[in-house]
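Structural overview for review
The chain contents come next:
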Amino acid sequence: MKKLLLLLLIVGYNGYAQNEENIIESKLICKTVDEFTDAKSLSGTETVVLYEDGGDMSSEGIILMLFLSEDKRGKIEPSTLYLKVLGIKGCVDIGSTLDLIFENGEKTQLSNWKKFDCEGKNYFSLKGNEDLFKTSKIKAIKYTNKRNYDSMIVKTNMDQVGSSYLMNMLLEIDKINSGEISLGVCKE
């Protein structure tokens, strides 16, 4: 009886180990654990650079990054869409807008919630729009600086990476939260 029980434990452990090895790690999202405090932070593995239509293709454009957080239940959620505008005149402020046109024809507008900043940093919430970003790629974006109404458009320069960045990130979050894929550790 003891041998049978031992055999069942070994087989069961082997099966568990094989299932753990079959889980794929996320390629878009990773975690970092501070070795001193054990504090965990989440980040995307990609930052997207989009160049302004008609710009110089080096110093005029937009840098996008999706900041992530973890709720009390351990589920990952998008917290903020960070956008840094390069080559636009003047400081930015609360209320500067990001207009988006999607490939399916839908449109939405996000509003910067960050106070006055002279480095072009903007912060937008995706709350209530997650399904729209998950179901269609972005066709074009227009950023408008509320302080002086200077704007920047990325439409003809919208590449595949830029158009699908938010869709891919949000769908990856869903896969992690459902257990389809696991969260890996960020590589330094």
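As a reminder, the structure under discussion sits directly above these lines.
From a predicted model like this one, the values you see are computed outputs, not experimental measurements. (Residues numbered from 1 in each chain as written. Predicted model: local features only at pLDDT ≥ 70, side-chain atom pairs only at ≥ 80, totals over all residues. Heavy atoms only, no water.)

1. Points about the packing of aromatic side chains
Scanning the entire structure with this criterion turns up 5 aromatic pairs. When the ring of W113 is compared with that of Y123, the centres are 5.4 Å apart and the planes differ by 40°; the resulting orientation is tilted. You can see W113 sitting in the loop between β7 (107-111) and β8 (121-124) and its partner Y123 sitting in strand β8, a full 10 residues away along the chain. Ring pairs connect the aromatic residues F67, Y82, W113 and Y123, which therefore count as one cluster. (Phe/Tyr/Trp six-rings, centres within 6.5 Å; stacked < 30°, edge-to-face > 60°. Helix = DSSP H or I, 4+ residues; strand = E, 2+ residues; numbered from the N terminus.)

2. Description of the nonpolar core
Among the nonpolar cores identified, the biggest contains 37 residues, and L66, L81, L98, F133, I141 and Y143 are the most heavily contacted of them. The dominant element in this core, judged by the number of residues it contributes, is helix α3 (residues 160-178), at 6 residues. With near-sequence residues (within four places) excluded, L66 lies in contact with P78, T80, L81, L126, Y165, L166, M169 and L170. (Core = buried A, V, L, I, M, F, W, Y, C linked by side-chain atoms within 4.5 Å. Buried < 20%, exposed > 50% of the residue type's maximum accessible area, 1.4 Å probe, protein only. Contact = heavy atoms within 4.5 Å.)

3. Examining the sheet that holds strand β3 (residues 48-51)
Pairing in this open sheet of 4 strands is antiparallel, and the strands run β3-β4-β5-β8 from one edge to the other. The open sheet is flanked by β3 and β8, the only strands paired with a single partner. Between one strand axis and the next, the sheet turns by 25° as a mean value, whatever way the strands run. Across the face of the sheet, α3 comes into contact with β3, β4 (61-70) and β5 (76-86) while running at roughly 5° to β4. (Pairing = 2+ DSSP bridges. Axes fitted to C-alpha atoms, helices over the stretch in contact; angles between N-to-C directions.)

4. Quick word on the state of the cysteines
The tally for this structure, following the rule as stated, stands at 2 disulfides. There is a disulfide in this structure between C30 and C186, and the S-S distance comes to 2.0 Å. For the disulfide bridge between C30 and C186, the dihedral angle about the S-S bond is near 95°, and by the sign convention the bridge is right-handed. A residue pair is termed long-range when its members are at least 10 positions apart, and C30 in strand β1 (residues 24-33) and C186 in the segment after β11 (181-185) qualify at 156 residues. The residues C30 and C186 share a single accessibility class, namely buried. The partner cysteine of C91 in its disulfide is C118, sulfur to sulfur 1.8 Å. Of note, the bridge from C91 to C118 carries an S-S torsion of about 95° and is right-handed in sense. Here C118 lies in the loop between β7 and β8 and C91 lies in the loop between β5 and β6 (97-102), a separation of 27 residues in the sequence. When the bonded cysteines of the protein are numbered from the N-terminus onward, they pair as 1-4, 2-3. (Disulfide = S-S within 2.5 Å.)

5. Considering the environment of D56
If you trace the backbone, D56 turns up in the loop between β3 and β4. Judged by relative accessible area, which is 40%, D56 ranks as partly exposed. Taking the C-alpha atoms as reference points, D56 and G87, separated by 31 residues in sequence, lie 9.6 Å from one another. Only 2.5 Å separates the side chain of D56 from the side chain of S59, close enough to count as a polar contact. (Polar contact = N/O pair within 3.5 Å; in protein donor to acceptor, adjacent residues only side chain to side chain.)

6. Here's the deal with the sheet that holds strand β2 (residues 40-44)
Judged by pairing direction, the sheet is mixed, and its 3 strands sit side by side in the order β2-β1-β11 without closing on themselves. This sheet does not close on itself; its edge strands, each paired only once, are β2 and β11. Pairwise comparison of adjacent strand axes, ignoring direction, gives a mean angle of 40° for this sheet. Across 5 bridges, the pairing between β1 and β2 is antiparallel. Within β2, the residue paired with T32 across the bridge is S41.

Worth remembering: the numbers are spatial, not functional.
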